[in-house]
Amino acid sequence: MNSSKGRTTLEVGTDGVAIITIINPPVNSLSFDVLNSLKETYEQAVRRDDIKAIVVTGAKGKFSGGFDISAFGKIQNGTVQAPKPGFVSFEILCDLVAASKKPSVAAIDGLALGGGLEVAMGCHARISTPNAQLGLPELQLGVLPGFGGTQALPRLVGIAKALEMMLTSKPVKGEEALRLGLVDAVVSPNELLNTARRWALDILEGKKPWVITYYKTDKLEPLGEAKEMFKFARAQTRRQAPNLKHPLVCIDVVEEGIVSGARNGLWKEAEAFQGLLHSDTCKSLVHFFFAQRGTTKVEYSYGFFIRILTRVLEETRSLVPGVTDLGLKPRQIKKVAILGGGLMGSGIATALILSNYSVVLKEVNDKFLQGGISRVRANLQSRVKKGQMSQDKLEKTLSLLKGALDYDSFKDVDMVIEAVIENVSLKQQIFSDLEKFCPPHCILASNTSTIDLNLIGEKTRSQDRIIGAHFFSPAHIMPLLEIVRTQKTSPQVIIDLLDVGKKIRKTPVVVGNCTGFAVNRMFFPYTQAGLLLVERGTDVYQIDRAITKFGMPMGPFRLCDLVGFGVAIATGGQFVLNFPERTYKSMLIPLMQDDKRAGETTRRGFYVYDEKRKAKPDPEIQKYIEKAREMSGVSIDPKLTKLSDKDITEMIFFPVVNEACRVLAEGIAVKAADLDVSAVMGMGFPPYRGGLLFWADSLGSKYICSRLEEWSKSYGGFFKPCSYLADRAAKGAPLSLTMDPAKARL
Ligand SMILES: C[C@H](O)CC(=O)SCCNC(=O)CCNC(=O)[C@H](O)C(C)(C)COP(=O)(O)OP(=O)(O)OC[C@H]1O[C@@H](n2cnc3c(N)ncnc32)[C@H](O)[C@@H]1OP(=O)(O)O
């Protein structure tokens, strides 16, 4: 079939129980080699007279993370041939494992996800540890469970719970799995194998039930009730994910099995899996899966190498090039100080204490300090309200937070994150103070979203430990962390912050130092394109509708209302200053702000808001648009008043793609995939489109460039394609093609 990796082993004990172990580090994924080996080993176990019963488990405390996702791409591009439909679900799990005359028990520790759980469900019983995670997350990859999971899970836990687990992709832990009937017992890791062996023998001896999952019916809801559940699930899916087909296909497949029996369901599952595997959605989501895991691999870049080497020579210090390929180990960060208890500072403090870091929160006076601590408490309280945390745990977590009004407690901190207002001289003063009061190993991070880090650290001699830690609001919820490194930031400091980022469950992306870094650079043209179109006659609300239909959580105008016009104007100012040639200077937002329409907080912006914060279009905004149009000296363009949704999407997003190309060309990001992750996690770009540049490449650089050129002739330099984009379009090359590494700014 193919030359993938991994294997299974077979070991027989004196009790006549064979232990089949899946071995394929790091997560024991089910490569074709593993699956073939599993089949062979099982056949052997069934054949051998010295074997009475079978236990399946995974090596090193992990059952299995599911089908090998790296094989998806190989099947899609034809380098590997997919096994025939039903090879795993019928041939291995149904006809070999489940139908065997020897009982099988799955011993589950760590992960049993996707295909991993499907293998376990093929067995006659399952024993797990309390911390094991069991789930079918295939929908997150644009496919459905393809090893029989659509039929097995409803038969073990009921249709309603099975649909929930598949549609949300959320795993359950051992205890909940036991309550649901997904596992038969929960034991500690060191009792796991012995319990499973004994259980298998008990089945053989008739002391425990011999259950074939696919024939089970006791958990299935009656047909009438089931039909209602399918109807409800479809309606909810259409509402929540209108652009996605595969969740609906999954519901159809589950229904087929309920209406026509598990074998028919399994056939439909096998066919549907093959079809979905080749969909654009699956290709995009698989790309995103690996892009997300690739952000922490910040490897050697030639430009960086030269600079570091030069520095080594200059400073005769032994520094080594690269970042994550240097063999450096993250240092242990125990105590972190945060300066500023506003929205950002309190959010960052919340994220840190939730991951057991000791935090000192410093403010300028007691009133502000108490305000900051209350915000942290409120953040935690909302978790209690949602049932994600007990009140007891809240108090324990909060005890990790100490308040401070001076620098006395900074003498043993390992990292400081400054999160005060965006004022250069204030930040410079703070960083000189930090240099005095913090120990020499302490990392000095700033949460600035726009200011140049070299400027912030100008008055210190600690440039090598100054780094940007750019969180997104609300910091305890948003998953992205931009780690901004200057040319002087030491690799060790980057490694340390990457480690903290992962520990607080963020996706860290390392970027270079410039105004707006990566995410805000890409966000800027998003709003600007909206303003340009509106001044020339496109309807505000049609723009927002088209963009939401494309898959963004909200359009540019609803977003402006949410962040507030004050922030929009302040960041806009930075861009006008730094990139004047491509900034569209509209007075629309300042005009509205002058009239105390400043967004959601004032309950009026581009929309009006009721007490429940529900947004409603407001015809009154027309007067501001007319005034802004007059001030810009532009007139309505009839073509722009009747744009299709597709045209709107392209006119808003192609300038964003253009800016992303500049960010790549300048070496602010090292790889296109990092920008894909940043766009999804920082901007809300739909992951099922694979990220900004992956999506752009699906349309083609030539097409994007020609449209931008056409618009730039009619509407000015804002649309002018940058040389990186124009160059790739001329060559017919993808935008994600690796740049010349010598230009990297990292
Ligand atoms: C037919 C079937 O129904 C279809 C399927 O089974 S599809 C697969 C279903 N399984 C999944 O979706 C699980 C995907 N994996 C995950 O969610 C997470 O990796 C995890 C929860 C297993 C582990 O998370 P975490 O500990 O944070 O480690 P993480 O960095 O994500 O992964 C560790 C490594 O394992 C790899 N990996 C994880 N799951 C994998 C899989 N199923 N196949 C191949 N590689 C996998 C990751 O790419 C990463 O590789 P790297 O070190 O080279 O970057």
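Remember, it's a predicted structure, so these values are computed and weren't measured experimentally.

Section: the overall build of the chain
Scanning the chain for helices and strands turns up 31 helices and 19 strands. Each principal axis of the C-alpha atoms in the chain carries an extent, and together these give about 85 × 65 × 55 Å. Across the 746 residues in the chain, those meeting the buried criterion constitute 58%. Sequence-distant contacts, at least 24 apart, represent 73% of the contacts inside the chain between residues at least 6 apart. Total accessible area on the chain stands at roughly 31300 Å², and carbon and sulfur atoms take up 55% of it.

Focus: the sheet that holds strand E8 (residues 172-173)
If you walk across this open sheet you meet the 3 strands as E5-E7-E8, and the pairing is mixed. Both edges of this open sheet fall to strand E5 (111-113) and E8, since each of them pairs with a single strand only. Bridging between strand E7 (residues 133-135) and E8 involves 2 bridges; their strand directions are antiparallel. In the strand pairing of E8, Gln133 is matched with Lys173. On the sheet, helix H4 (residues 115-122) packs against E5 and E7 and is oriented at approximately 90° with respect to E5.

So, the site of the ligand
Around the ligand sit 25 residues in total, of which Gly115, Glu118, Glu138, Arg293 and Lys297 are the nearest. Here an oxygen atom of the ligand and a side-chain polar atom of Glu118 are 2.7 Å apart. Within the side chain of Arg293, a nitrogen or oxygen atom sits 2.6 Å from an oxygen atom of the ligand. Coverage of the ligand by the protein amounts to 70% of the 970 Å² it exposes when considered alone. No other element matches helix H12 (residues 280-294), which puts 3 residues into the shell around the ligand. For the shell around the ligand, a count of residues per class yields 14 nonpolar, 6 polar and 5 charged. Shared between two domains, the shell around the ligand takes at least three residues from each, and those domains are domain 1 (7-277) and domain 2 (287-316).

Thoughts on the UniProt feature "domain: 3-hydroxyacyl-CoA dehydrogenase C-terminal" (unreviewed entry) in the chain
UniProt marks residues 516-609 with the feature "domain: 3-hydroxyacyl-CoA dehydrogenase C-terminal" (unreviewed entry), using the numbering shown here. As a span, residues 516-609 carries 61% helix and 3% strand, and end to end its C-alpha atoms are 30 Å apart.

Comments concerning empty space enclosed by the protein
Applying the stated rule across the entire model yields 2 cavities of 30 Å³ or more. Size it by volume and the largest cavity reaches roughly 190 Å³. What lines the largest cavity is a set of 18 residues, among which Pro83, Gly146, Phe147, Phe273 and Gln274 lie closest to the centre. For the lining of the largest cavity, the secondary structure elements donating two or more residues are helix H1 (32-47), helix H3 (87-98) and helix H11 (262-277). Counted by class, the lining of the largest cavity contains 13 nonpolar, 4 polar and 1 charged residues. Taken as a whole, the second largest cavity holds about 110 Å³ of empty space. In terms of lining, the second largest cavity is formed by 13 residues, of which the most central are Phe524, Pro525, Arg582, Glu659 and Phe718. Sorting the residues of the lining of the second largest cavity by element identifies helix H20 (519-535) and helix H27 (645-665) as the ones contributing at least two each. Of the residues that constitute the lining of the second largest cavity, the class distribution is 6 nonpolar, 3 polar and 4 charged.

Notes on unusual backbone geometry
Comment: phi is negative for the bulk of residues other than glycine, and the bulk of peptide bonds are trans. Here Pro25 and Pro26 are connected by a cis peptide whose omega angle stands at 5°. Looking at the secondary structure, you find Pro26 in the loop between strand E2 (17-23) and H1. Cis geometry marks the peptide bond from Ser473 to Pro474; its omega dihedral reads -5°. In the Ramachandran plot, Asn356 falls in the positive-phi region, its phi being about 70° despite a non-glycine side chain. By secondary structure assignment, the location of Asn356 is in the loop between helix H14 (343-354) and strand E11 (358-362). The class for Asn356 is exposed, based on a relative accessible area of 58%. The backbone of Lys596 shows a phi angle near 60°, a positive value even though the residue is not glycine. Examined against the element boundaries, Lys596 turns out to sit in the loop between helix H24 (588-594) and strand E18 (607-609).

Re helix H25 (residues 621-632)
Between the first and last C-alpha of H25 there are 17 Å, a value that for 12 residues agrees with the 16 Å anticipated at 1.5 Å per step. Packed against the buried residues of H25 are H20, helix H21 (540-550) and H24. Where H25 ends, the next residue or the one after it, Gly633, has phi of about 70°, a positive value.

Notes on helix H17 (residues 424-437)
Taking 1.5 Å of rise per residue, the 14 residues of H17 would be expected to cover 20 Å, and the 20 Å separating its terminal C-alpha atoms lies within 8% of that figure. If you check which residues of H17 are buried, you get Lys427, Gln428, Ile430, Phe431, Ser432, Asp433 and Leu434. Looking at the buried positions of H17, the neighbouring elements they touch are strand E10 (335-339), strand E13 (415-418), strand E14 (443-446), helix H18 (453-456) and strand E15 (466-471). Between the side-chain oxygen at the start of H17 and the backbone nitrogen of Ser425 there is a gap of 3.1 Å, and the oxygen is on Asn423.

Here we look at the environment of Lys335
Relative to the assigned elements, Lys335 resides in strand E10. Sequence separation of Lys335 and Gln593 is 258 residues, and the distance between their C-alpha atoms is 42 Å. When sequence neighbours within four positions are dropped, the list of residues in contact with Lys335 reads Ser358, Val360, Ser409, Asp412, Val413, Asp414 and Met415. Of the polar contacts made by the side chain of Lys335, one reaches the side chain of Asp412; its length is 2.7 Å.

Concerning the pattern of salt bridges
All chains considered together, the criterion is met by 41 salt bridges. Ionic pairing is found between Glu666 and Arg521, a salt bridge with its closest N-O pair at 3.0 Å. Of this pair, Glu666 sits in the loop between H27 and helix H28 (672-683) while Arg521 sits in helix H20; the two residues are 145 residues apart in sequence, bridging distant segments of the chain. Residue Glu666 is classed as partly exposed on the basis of its relative accessible area, which comes to 25%. Salt bridges sharing partners connect three or more residues here, namely Arg521, Glu581, Arg582, Glu659, Arg662 and Glu666.

Considerations on the nonpolar core
Judged by nonpolar contacts, the single largest core of 101 residues is most densely connected at Phe410, Val416, Leu434, Phe606, Phe653 and Val657. No other element matches the 11 residues that H27 contributes to this core. Counting only domains with at least three residues in this core, you end up with domain 3 (335-513) and domain 4 (520-742). Residues contacting Phe653, with those up to four places away along its chain left out, are Tyr526, Ile547, Phe550, Met552, Phe685, Leu692 and Trp695. Core analysis: the next-biggest nonpolar cluster, separate from the first, contains 79 residues, Ile22, Phe72, Leu134 and Leu163 among them.

Let's talk about the packing of aromatic side chains
Within the structure shown, the criterion is met by 27 aromatic pairs. Here Tyr407 and Phe410 contribute two aromatic rings whose centre-to-centre distance is 5.0 Å and whose plane-to-plane angle is 85°, an arrangement assigned as edge-to-face. The exposure classification of Tyr407 matches that of Phe410, with both residues buried. In this structure an aromatic cluster arises from ring pairing among Phe523, Tyr526, Phe550, Phe653, Phe654, Phe685, Trp695, Tyr703, Trp711, Tyr715, Phe718 and Phe719. The cationic tip of Lys208 hangs over the ring face of Trp199; the distance from NZ or CZ to the ring centre is 4.4 Å. Over the face of the ring belonging to Phe289 we find Arg293, whose NZ or CZ atom lies 3.8 Å from the ring centre.

Conventions used here
Sequence order sets the numbering: in each chain, residues are counted from 1 along the sequence as written. Residue-level local features of this predicted model are given only where pLDDT is at least 70; pairs of side-chain atoms are given and counted only at 80 or more, and the full residue set underlies all totals for whole chains, interfaces and linings. Heavy atoms from the whole structure form the basis of all side-chain values; hydrogens and water molecules are not counted. Numbering of helices and strands runs from the N terminus, with a helix taken as a DSSP run of H or I at least four residues long and a strand as a DSSP run of E at least two residues long. Throughout this description, buried means an accessible area under 20% of the type-specific maximum (1.4 Å probe, protein chains only), exposed means over 50%, and partly exposed covers the range between. By definition in these notes, contact holds between two residues if any of their heavy atoms fall within 4.5 Å. Here, Shrake-Rupley sampling with a 1.4 Å probe gives the accessible areas, and only protein chains in the shown set may cover a residue. Strand pairing requires that DSSP identify at least two bridges connecting the strands. An axis is simply a line fitted to the C-alpha atoms; with a helix, the fit covers only the stretch in contact. Between two such axes, the angle follows the N-to-C directions and lies from 0 to 180 degrees. Nearness is judged by heavy atoms alone; a residue qualifies as near a molecule or strand once a single heavy atom is within 4 Å of it. We call two N or O atoms a polar contact when they sit within 3.5 Å, provided that within protein one can donate a hydrogen and the other can accept it, with sequence-adjacent residues counted only if both atoms are side-chain atoms. Here the nonpolar group is Ala, Val, Leu, Ile, Met, Phe, Trp, Tyr, Cys and Pro; Asp, Glu, Lys and Arg are the charged ones; every other residue, Gly included, is treated as polar. Each domain's limits were defined by an automated method or a database of domain assignments. UniProt positions are given in the numbering used here, feature names are shortened, and annotations may be inferred rather than shown by experiment. Cavities and pockets are found on a 1 Å grid laid over the protein atoms alone: a cavity is a set of points where a 1.4 Å probe fits but cannot escape, a pocket is an open set with protein on both sides within 12 Å along at least five of seven lines, and a lining residue has an atom within 4 Å of such a point. Grid points are joined across faces, edges and corners, and a volume is the space filled by probe spheres set on the points. Take the residue count of a helix, subtract one, and multiply by 1.5 Å to get its expected span. Salt bridges, as used here, are contacts in which a Lys or Arg side-chain nitrogen is within 4 Å of a carboxyl oxygen on Asp or Glu. The nonpolar core is taken to be a set of buried Ala, Val, Leu, Ile, Met, Phe, Trp, Tyr and Cys residues, with the residues joined through side-chain atoms within 4.5 Å. Two aromatic rings, drawn from Phe, Tyr or Trp (for Trp, its six-membered ring), form a pair once their centres lie within 6.5 Å of each other, and the interplanar angle then sorts them: stacked below 30 degrees, edge-to-face above 60, tilted otherwise. Counted as over-ring charges are cases with an Arg CZ or a Lys NZ within 6 Å of the ring centre that also lie within 35 degrees of the ring normal.

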